[in-house]
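# Remarks on the overall topology
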Amino acid sequence: MKKRTFIKLSSALMTAPLFSPLTGWVNGDKLKNWAGNLEYSTEKLDLGKNLQQVQTIVRKYPKLKVLGTRHCFNDIADTKDQFISVVGADELMSIDAKNKTVTVNGGLKYGQLSPYLHQKGFALHNLASLPHISVAGACATATHGSGDKNGNLATAVSAMEIVTADGEVVKLSREKDGEKFNAAVVHLGALGVVTKVTLDVQPTFMMDQHVYENLPLTQLKDHFDEIESSGYSVSLFTNWSSDSITEVWIKHKLSGSKVPKVQAAREFFGGKLATKNLHPIPELSAENCTEQMGVPGPWYERMPHFKMGFTPSSGKELQSEYFVPRKNAVEAIMAISKMGNQVGPHLFTSEIRTIAADDLWLSPCYKQDSVAIHFTWKQDWPAVSKLLPVIEKELAPFDVRPHWGKLFTIAPTLLEKRYPKLAEFRELAKEYDPKGKFRNEFLNKNVFGAS
């Protein structure tokens, strides 16, 4: 990312909640991503409210990029030419109860979809920490959620509708298109505009979550698998500045629609049960976090870390995230822990979580159960830009893969080695977009420049 794209912000995250509002772009304002660290290279933005409008817009422009809910921290969606968005398109939520699927327009947000599904008796298998992201955008970048047995959000996709560079409509499904479908789901915006997505659903369920504080880091060496398998989804938070995991968030799937509050054990591998709701950054208020303390609630009100009904305010931060094979989890965590003095001063918090393997070509979890090490940085790009190559070097022995929508400096030649299907994906992209209408600087460097 170019240094010019980072803007100076006067107030710190410590005085505000973690995330910024998803406000619409107002004419005259600069178009920026949600955290405010990236100013996009054009303000030209057309909204495709339905399939016909999307086709017209795609055919109109020689160069085009799709802009979603603007949650990426790098320039994966940037362009100097023209944006199209389907966020705010005509709402579509159609459940096929027999086949246990729901079809939605690509720009729909998980925070809109989830309550509707629950009301109809269904649920998704996984959600990200933040519910204000769009379905198509999250799946395009393999945004993930967590859980030993849970694939990332894109693994729920069973079919999709794409408007390709010539304005034609391509429909792909897991059932009919096999490997071409696996290639297309995590597409990084290189194939076209995703107008519809069909997701697998399951019967709705209830969840609760408990938080433990100050779990000794040494416990991970002998008990990592037990700790991570202790719930449906488990997140470990630390700032790497001490010898402990600051918070352990354990989310349990419950049986039945009406379940009593469960009394949790007071100790968990040396960690102490929290006596109040907590924020992943201990200094911040938990007001906007999902309910803890073992209080049961619907899946969509517990699986994210932050409340569905809350529109976040300013979040002045940067984010990076790295995936390593599950078998190397403890080694990778201990490698980062040795960097505590370097990392800690520039960090708000770091989250460690597990994700199941999948068959999606450009997913960081392709063919491997994975552990993601996430960094929420203070918004100091000069300092962070120096740290990232050091972290990547420490994780290099584990063939680390970066989150596509967050900040990284891993060279394209290494991405080529770590994504065995990258060359084949380029061929599919050339088939759907032979003249490079949807390419940009990010794709040219990290996907097409690697050949």
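Let me sum up the structure you'll find in this document. Just so it is clear, the model here is predicted, and its values are computed rather than measured.

### Quick word on the sheet that holds strand E9 (residues 193-200)
- The strand order across the open sheet formed by 5 strands is E4-E5-E9-E7-E8, and the pairing between neighbours is antiparallel. Among the strands making up the open sheet, the edge pair consists of strand E4 (93-96) and strand E8 (169-173). Put simply, the sheet's adjacent strands are angled 15° from each other on average, direction ignored.
- Pairing of strand E7 (residues 157-163) with E8, which is carried by 5 bridges, proceeds in the antiparallel orientation. Bridged to Ile 162 within E8 is Val 170.
- Each of E7, E8 and E9 touches helix H4 (residues 174-185); the most contacted strand, E8, lies at about 105° to it.

### Side note on the nonpolar core
- By size, the foremost hydrophobic cluster in this structure holds 112 residues, and its most contacted members are Leu 113, Leu 220, Trp 299, Phe 375 and Trp 377.
- Element by element, the count of residues in this core is highest for helix H8 (residues 381-395), at 6 residues.
- Not counting residues within four places of it along the chain, the set of residues in contact with Leu 220 comprises Leu 215, Ile 227, Leu 236, Ile 245, Val 330, Ile 333 and Met 334.
- Among the nonpolar cores identified, the runner-up in size contains 12 residues, and Ile 57, Leu 64, Val 163 and Val 193 belong to it.

### Let's talk about the pattern of salt bridges
- Evaluation of the coordinates by the stated rule reveals 14 salt bridges.
- The partner of Arg 174 in a salt bridge is Asp 200, and the shortest N-O contact between them spans 2.9 Å. Of this pair, Arg 174 sits in helix H4 while Asp 200 sits in strand E9; the two residues are 26 residues apart in sequence, bridging distant segments of the chain.
- Using a relative accessible area of 26% as the deciding quantity, one classes Asp 200 as partly exposed.
- The salt bridge partner of Lys 421 is Glu 424, with a shortest N-O separation of 3.3 Å.
- A residue is classified by how much of its surface remains accessible, and Lys 421, at 18% relative accessible area, is buried.
- In the salt-bridge network here, residues are joined through shared partners; they are Glu 321, Glu 351, Arg 353 and Lys 406.

### A closer look at the packing of H4 against helix H10 (residues 422-432)
- Where H4 contacts H10, the two axes come as close as 10 Å, and the packing angle between them is 85°. Here H4 is positioned roughly perpendicular relative to H10, judged by the angle of their axes. Residues Lys 180, Ala 183 and Ala 184 of H4 touch H10, and the partners they reach there are Phe 425, Leu 428, Glu 431 and Tyr 432.
- Of the residues belonging to the contact of H4 with H10, the class tally is 5 nonpolar, no polar and 2 charged.

So, how was this worked out
- Residues numbered from 1 in each chain as written.
- Predicted model: local features only at pLDDT ≥ 70, side-chain atom pairs only at ≥ 80, totals over all residues.
- Heavy atoms only, no water.
- Pairing = 2+ DSSP bridges.
- Helix = DSSP H or I, 4+ residues; strand = E, 2+ residues; numbered from the N terminus.
- Axes fitted to C-alpha atoms, helices over the stretch in contact; angles between N-to-C directions.
- Contact = heavy atoms within 4.5 Å.
- Core = buried A, V, L, I, M, F, W, Y, C linked by side-chain atoms within 4.5 Å.
- Buried < 20%, exposed > 50% of the residue type's maximum accessible area, 1.4 Å probe, protein only.
- Salt bridge = Lys/Arg side-chain N within 4 Å of Asp/Glu carboxyl O.
- Parallel < 35°, antiparallel > 145°, perpendicular 65-115°, else oblique.
- Nonpolar A, V, L, I, M, F, W, Y, C, P; charged D, E, K, R; others polar.

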